[in-house]
Amino acid sequence: MKHLYRSLTWVEARGRAEQGAVIIIPVAAIEQHGYHLPIDVDNVLVEHVTEEAARRSEGLVLVAPMIHYGFNEHNMGFPGTISIRDTVFVDFCYDVAHSFTRQGYDRILFVNGHGSNQMLCNLASRRINNTTKALCGAVAHWSLAKAEVDRLRDSKFSGGMAHACEFETAMYLHIRPELVDMSKATEREAPSSRNEFMYDDLFGSGPVHMVERWSQISESGVEGDPKLATAEKGHAFAEMEIANLIKVCQAMRAMKPGPERDFNHRP
Ligand SMILES: [Zn+2]
């Protein structure tokens, strides 16, 4: 069965909605990823795990064409970066998901590959739930690899896995090794740990959310320990993400939301 939404005919799109297919909307960014990685890292990682999950899901999951650009104002000091304004981005994500609900798709998941998009994907998915009968959620892909990260991680928490780091470099080494130049990978730059309240890592941030302009605190653009990355780690992370993504979609499909009630007025 086809797993790429873009390859369906409109008749097939109607049929898959009727069959209860779960829609994954991949969301990423084009942004600097240090000296050793291309600017398409977030796109490549999200594309790989979402398309593989859909392909292996036996017809349950359809993956939508990716939203390539993200909210990235903090990185604009580095060439290569494209930024979409926050409100435009939320509206755009909402409109894409909403278009699926209008066709009858009722389970939608944003799978995001860029940290700063996450709060906006969360908002867009909340807005779908507030305005339609569909169920929509949002997840950062790396969070689905947590168990393998705990097992294989060599960089210190926090800061070792944040941006163009041990995690992202490992994933890219697994998917497109020919485009990684490990000779240009930097020593750990950890501007992400400012104080006990403000630190950053893909696997847990400090209680205070505060993102400065990246050029103020980083020379290379990297945040973390890319030299600790290996393709083997990337393979393990990717496979766990793919397996968990299928499980998330199965769980969403199985959810049976109760009827909406209004307790404002006595019967
Ligand atoms: Zn990235």
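All values derive from a computational prediction rather than experimental measurement.

## Points about the pattern of salt bridges
When their charged atoms lie close together, side chains carrying opposite charge are able to pair.
Point 1. All chains considered together, the criterion is met by 20 salt bridges.
Point 2. Two residues, arginine 176 and glutamate 47, come together in a salt bridge whose shortest N-O distance is 3.9 Å. A residue pair is termed long-range when its members are at least 10 positions apart, and arginine 176 in the loop between helix 6 (166-175) and strand 6 (223-224) and glutamate 47 in helix 2 (residues 41-56) qualify at 129 residues.
Point 3. Glutamate 47 gets classed as partly exposed once you look at its relative accessible area, which sits at 31%.
Point 4. The residue glutamate 187 makes a salt bridge to lysine 227 at a minimum N-O spacing of 2.9 Å. In this pair, glutamate 187 is assigned in the loop between helix 6 and strand 6 and lysine 227 in the loop between strand 6 and helix 7 (231-254), connecting sequence segments 40 residues apart.
Point 5. Glutamate 187 gets classed as exposed once you look at its relative accessible area, which sits at 56%.
Point 6. Among the ionic contacts, a cluster of salt bridges with common partners joins Glu52, Arg55, Arg56 and Glu239.

## Regarding the side chain of histidine 74
Point 1. Secondary-structure assignment places histidine 74 in the loop between strand 2 (61-63) and helix 3 (86-103).
Point 2. The class for histidine 74 is buried, based on a relative accessible area of 17%.
Point 3. Of note is the side chain of histidine 74, whose polar atom sits 3.5 Å from the side chain of asparagine 75.
Point 4. Among residues more than four places away in sequence, those in contact with histidine 74 are His114, Ser116, Val211, Glu212, Arg213, Trp214 and Ser215.

## What about the sheet that holds strand 3 (residues 107-112)?
Point 1. Read across the open sheet, the 4 strands follow the order 2-1-3-4; overall the sheet is parallel. Each of the sheet's edge strands pairs with one partner strand only, and the pair in question is strand 2 and strand 4 (135-140). Taking each pair of neighbouring strands and ignoring which way they run, the sheet shows an average axis angle of 25 degrees.

## A closer look at the coordination of the zinc ion
Point 1. Within the protein, the atoms that donate to the zinc ion are His33 (NE2), Asp42 (OD), Glu168 (OE) and Glu168 (OE), at distances of 2.0 to 2.7 Å.
Point 2. Written as a sequence motif, the donor arrangement for the zinc ion is H-x8-D-x125-E. Residue aspartate 42 is located in helix 2, and its partner glutamate 168 is located in helix 6; the two are separated by 126 residues in the primary sequence. For the pair aspartate 42 and glutamate 168, a shared accessibility class is recorded, and that class is buried.

## Some remarks on helix 4 (residues 118-131)
Residue pairs spaced three or four apart in an α-helix point in one direction, given the helix's 3.6 residues per turn.
Point 1. In this model, helix 4 (14 residues) spans 20 Å end to end at C-alpha, consistent with the 20 Å of a helix rising 1.5 Å per residue.
Point 2. Within helix 4, burial applies to Gln118, Leu120, Cys121, Ala124, Ser125 and Ile128. Here the buried residues of helix 4 occupy an arc of 165 degrees about the axis, which is enough to place them on one side. Exposed residues on helix 4 whose side chains face more than 90 degrees from its buried face are Arg126 and Asn130.
Point 3. Considering only its buried residues, helix 4 is in contact with strand 1 (22-27), helix 3, strand 3 and strand 4.

## Details of a nonpolar patch on the surface
Point 1. Among the surface-exposed residues, Phe197, Val208 and Met210 lie close enough to one another that they form a single nonpolar patch of about 250 Å² accessible area.
Point 2. Along the chain, methionine 210 turns up in the loop between helix 6 and strand 6.

## Topic: the packing of helix 2 against helix 7
Point 1. Interhelical geometry of helix 2 versus helix 7 gives an angle of 50 degrees and a closest axis separation of 9 Å. By the criterion of interaxial angle, the relationship of helix 2 to helix 7 is oblique. Crossing geometry of helix 2 relative to helix 7 is assigned as right-handed. Along the contact surface, helix 2 presents His48, Val49, Thr50, Glu52, Ala53 and Arg56, while helix 7 presents Ala238, Glu239, Glu241, Ile242, Leu245 and Ile246.
Point 2. Considering only residue class, the contact of helix 2 with helix 7 consists of 6 nonpolar, 2 polar and 4 charged.

## Re unusual backbone geometry
Point 1. The amide bond that connects phenylalanine 157 to the next residue, serine 158, takes the cis arrangement and shows omega of 0 degrees.
Point 2. Even without a glycine there, the phi angle at glutamate 58 is positive, about 55 degrees.
Point 3. Tracing the backbone through its elements, the reader meets glutamate 58 in the loop between helix 2 and strand 2.
Point 4. Residue glutamate 58 is classed as exposed on the basis of its relative accessible area, which comes to 76%.
Point 5. Despite not being glycine, alanine 164 shows a phi value in the positive range, around 55 degrees.
Point 6. By the element assignment, alanine 164 lies in the loop between strand 5 (161-163) and helix 6.
Point 7. The buried category is assigned to alanine 164, whose relative accessible area is 0%.

Definitions and cut-offs
Residues numbered from 1 in each chain as written. Predicted model: local features only at pLDDT ≥ 70, side-chain atom pairs only at ≥ 80, totals over all residues. Heavy atoms only, no water. Salt bridge = Lys/Arg side-chain N within 4 Å of Asp/Glu carboxyl O. Helix = DSSP H or I, 4+ residues; strand = E, 2+ residues; numbered from the N terminus. Buried < 20%, exposed > 50% of the residue type's maximum accessible area, 1.4 Å probe, protein only. Polar contact = N/O pair within 3.5 Å; in protein donor to acceptor, adjacent residues only side chain to side chain. Contact = heavy atoms within 4.5 Å. Pairing = 2+ DSSP bridges. Axes fitted to C-alpha atoms, helices over the stretch in contact; angles between N-to-C directions. Donors = N, O, S within 2.8 Å, 3.2 Å for Na, K, Ca; no water. Expected span 1.5 Å × (residues − 1). Arc of directions from axis to C-beta. Patch = residues over 30% accessible without salt bridge, like charges linked within 9 Å, V, L, I, M, F, W, Y side chains within 5 Å. Areas by Shrake-Rupley, 256 points an atom, 1.4 Å probe, with all protein chains shown as cover. Parallel < 35°, antiparallel > 145°, perpendicular 65-115°, else oblique. Left-handed = near helix turned anticlockwise from the far one by under 90°. Nonpolar A, V, L, I, M, F, W, Y, C, P; charged D, E, K, R; others polar.

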